[in-house]
Amino acid sequence: MGSVLEIRNLHVSVEDKPILRGVNLTIKQGEVHALMGPNGSGKSTLANVMLGHPAYQVTGGQVIFEGQDLLEMEADERSRAGLFLAFQYPVAIPGVTLANFLRQAINSRMKAADPNSKGISIPEFRRMLKSKMDFLQMDHSFAGRYLNDGFSGGEKKRAEILQMAVLQARIAILDETDSGLDIDALRIVAEGVNKLRGPEMGILVITHYQRILNYIKPEFVHVMFEGQIVESGGADLALHLEENGYDWVREKHA
Ligand code: ADP
Ligand code: MG
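None of these values were measured; they are calculated from a predicted model.

**Re the nonpolar core**
- Of all hydrophobic cores here, the largest spans 52 residues; its most connected members are Phe 84, Leu 102, Leu 129, Leu 162, Met 164, Leu 174 and Ile 203.
- Taken domain by domain, the makeup of this core includes at least three residues from each of domain 1 (4-91 + 170-253) and domain 2 (93-147).
- Leu 174 has contacts with Phe 84, Ala 86, Met 164, Val 189, Val 193, Ile 203, Leu 204, Val 205 and Ile 206, leaving out every residue within four places of it along the chain.
- Core analysis: the second largest hydrophobic core is formed by 26 residues, Val 12, Ile 27, Leu 51 and Leu 85 among them.

Next up, the structure:
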């Protein structure tokens, strides 16, 4: 059986203000879902809760991942279990290359699984990194860049996609925060998602922009409005959103 992320009747408050009001969503390995919705509807709140952000209080419901209570797991346990959150490492780390960072992430995961593990050898790591970069059609020199230091929006996204590939995420959540994501960055994300999608990876792309659907064809589309998923469907729902925007969602569910 593949990995499953199951969000059940999740209620979340920020500073005692209810934001999520009963979210239900199940993502299985091998599925690509898009979570859409107008600004302020609670999409990033959902992503932040998955990350374990302390500002968000879960007031009800459950999140089950790999049969465990995700909300009880530390951030690194979530990552080791195969959950990938794209904005997990957003900070610049001058002096640490992307390659070093990725090797350390693999090593810490191997050591957590087996305290006697010596980690991945440098030649083995280099081979693996090269093959992933070739697959993603990335220039090898990119891995020698210092992590996030002076990265453009597009390069940050490229680094995230590479992390997703190297860490072999089972369920990946990509929150395309609604500001500052230019069309190039959007295209990089979409190409990466399209390359990595397959039976081993479940993906949730969170976005306000209908236009990302020109590049990623999700199998499942969900619309969040005022802290609830009010519509779910397939590619036809994506097309409907592209043509009609969100006004009909507001009218129907206000
Ligand atoms: P979306 O990602 O769909 O645009 P958000 O989850 O960012 O929506 O925000 C949903 C609501 O929660 C908004 O009203 C927002 O102001 C509020 N909110 C989210 N995060 C915080 C926070 N850290 N502090 C205060 N309010 C927040
Ligand atoms: Mg958001």
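Next comes the rest of the description.
**Re the site of ligand 1**
- Near ligand 1, the surroundings consist of Val 14, Lys 17, Ile 19, Pro 38, Asn 39, Gly 40, Ser 41, Gly 42, Lys 43, Ser 44, Thr 45 and Tyr 56.
- Gly 40 places a polar main-chain atom, nitrogen or oxygen, 2.7 Å from an oxygen atom of ligand 1.
- Between an oxygen atom of ligand 1 and a main-chain N or O atom of Ser 41, the distance comes to 3.2 Å.
- For ligand 1, whose free accessible area comes to 560 Å², the fraction covered by protein is 66%.
- Sorting the residues of the shell around ligand 1 by element identifies strand 2 (17-28) and helix 1 (43-51) as the ones contributing at least two each.
- Residues of the shell around ligand 1, tallied by class, amount to four nonpolar, six polar and two charged.

**Some points on the sheet that holds strand 6 (residues 83-85)**
- Strand order in the open sheet formed by six strands is 6-7-8-3-9-10, and the pairing between neighbours is mixed. Each edge of the open sheet is held by one strand with a lone partner, namely strand 6 and strand 10 (228-233). Ignoring which end each strand starts from, the neighbouring axes of this sheet average 20° apart.
- For strand 7 (residues 171-175) and strand 8 (residues 202-206), the ladder comprises five bridges, and the chain directions are parallel. Residue pairing for strand 8: Asp 175 is matched across the bridge by Ile 206.
- Lying over the sheet, helix 7 (residues 235-244) contacts strand 3 (32-36), strand 9 (220-225) and strand 10, oriented at roughly 50° with respect to strand 9.

**A look at the packing of helix 4 (residues 122-135) against helix 5 (residues 153-166)**
- Viewed as axis vectors pointing N to C, helix 4 and helix 5 meet at an angle of 125°, and their least axial separation amounts to 10 Å. Between helix 4 and helix 5, the angle is such that the two are oblique. In this structure, helix 4 meets helix 5 at a crossing whose hand is right-handed. Every residue of helix 5 that contacts helix 4 at Met 128, Leu 129, Lys 132 and Met 133 is listed here: Leu 162, Ala 165 and Val 166.
- Here the residues of the contact of helix 4 with helix 5 are counted per class, giving six nonpolar, no polar and one charged.

**Concerning the packing of helix 3 (residues 98-113) against helix 4**
- Where helix 3 meets helix 4, the axes come as close as 11 Å, and the angle between the chain directions of the two elements is 110°. Judged by the angle between their axes, helix 3 and helix 4 are roughly perpendicular. Between helix 3 and helix 4 lies a crossing of right-handed hand. Within the contact between the two elements, helix 3 uses Ala 99, Leu 102, Arg 103 and Ile 106 and helix 4 uses Ile 122, Phe 125, Met 128 and Leu 129.

**Concerning helix 3**
- Between the first and last C-alpha of helix 3 there are 23 Å, a value that for 16 residues agrees with the 22 Å anticipated at 1.5 Å per step.
- All buried positions along helix 3 are accounted for by Leu 98, Ala 99, Phe 101, Leu 102, Ala 105, Ile 106 and Asn 107.
- For helix 3, the secondary structure elements touched by its buried residues are helix 4 and helix 5.

**Quick word on the side chain of Glu 231**
- The residue Glu 231 is located in strand 10 in this model.
- A distance of 2.9 Å separates a polar atom in the side chain of Glu 231 from a polar atom in the side chain of His 253.
- Dropping the residues within four chain positions of it, Glu 231 is found in contact with Val 221, His 222, Val 223, Leu 237, Trp 248, Lys 252 and His 253.

**Digging into the pattern of salt bridges**
- According to the stated counting rule, one finds seven salt bridges in the structure shown.
- Among the salt bridges present, the one from Glu 160 reaches Lys 157, with a minimum N-O distance of 3.3 Å. Of this pair, Glu 160 and Lys 157 both sit in helix 5, three residues apart, which is roughly one turn of that helix. In this structure, Glu 160 and Lys 157 share a single accessibility class: buried.

Basis of the calculations
- Numbering of residues starts from 1 in each chain and follows the order in which that chain's sequence is written.
- Ligands are numbered from 1 and chains lettered from A, in the order in which they are written.
- Whole-chain, interface and lining totals are the exception, using all residues; otherwise, since this is a predicted model, local features are given only for residues with pLDDT of at least 70 and side-chain atom pairs are given and counted only at 80 or more.
- Derived side-chain values reflect all non-hydrogen atoms in the structure, with water molecules and hydrogen atoms excluded from consideration.
- We call a set of buried Ala, Val, Leu, Ile, Met, Phe, Trp, Tyr and Cys residues a nonpolar core when their side-chain atoms join them within 4.5 Å.
- With a 1.4 Å probe rolled over the protein chains alone, any residue whose accessible area is under 20% of its type maximum counts as buried; one over 50% counts as exposed, and the rest are partly exposed.
- Each domain's extent was defined by an automatic or database domain assignment.
- Contacts were defined at the residue level, with two residues in contact if any of their heavy atoms lie within 4.5 Å.
- Nearness of a residue to a molecule or strand requires only that one of the residue's heavy atoms be within 4 Å of it.
- Here a polar contact is recorded for every N or O atom pair within 3.5 Å, except that within protein the pair must consist of a potential hydrogen donor and a potential acceptor, and residues adjacent in sequence are included only if both atoms are side-chain atoms.
- Accessibility throughout is a Shrake-Rupley quantity obtained with a 1.4 Å probe, and a residue counts as covered only by protein chains that appear here.
- Put simply, DSSP marks the helices as runs of H or I at least four residues long and the strands as runs of E at least two long, and each gets a number from the N terminus on.
- Amino acids are sorted into nonpolar (Ala, Val, Leu, Ile, Met, Phe, Trp, Tyr, Cys and Pro), charged (Asp, Glu, Lys and Arg) and polar (every other residue, Gly among them).
- When DSSP locates at least two bridges between a pair of strands, those strands are taken to pair.
- Helix axes are fitted only over the stretch in contact, all axes being lines through C-alpha atoms; the angle between N-to-C directions runs from 0 to 180 degrees.
- For this classification, under 35 degrees means roughly parallel, over 145 means roughly antiparallel, 65 to 115 means roughly perpendicular, and everything else is oblique.
- Take the far helix as your reference; a near helix turned counterclockwise from it by less than a right angle gives a left-handed crossing, and one turned clockwise gives a right-handed crossing.
- To estimate the expected span of a helix, count its residues, drop one, and scale the result by 1.5 Å.
- One side-chain nitrogen of Lys or Arg within 4 Å of one carboxyl oxygen of Asp or Glu is enough to make a salt bridge.

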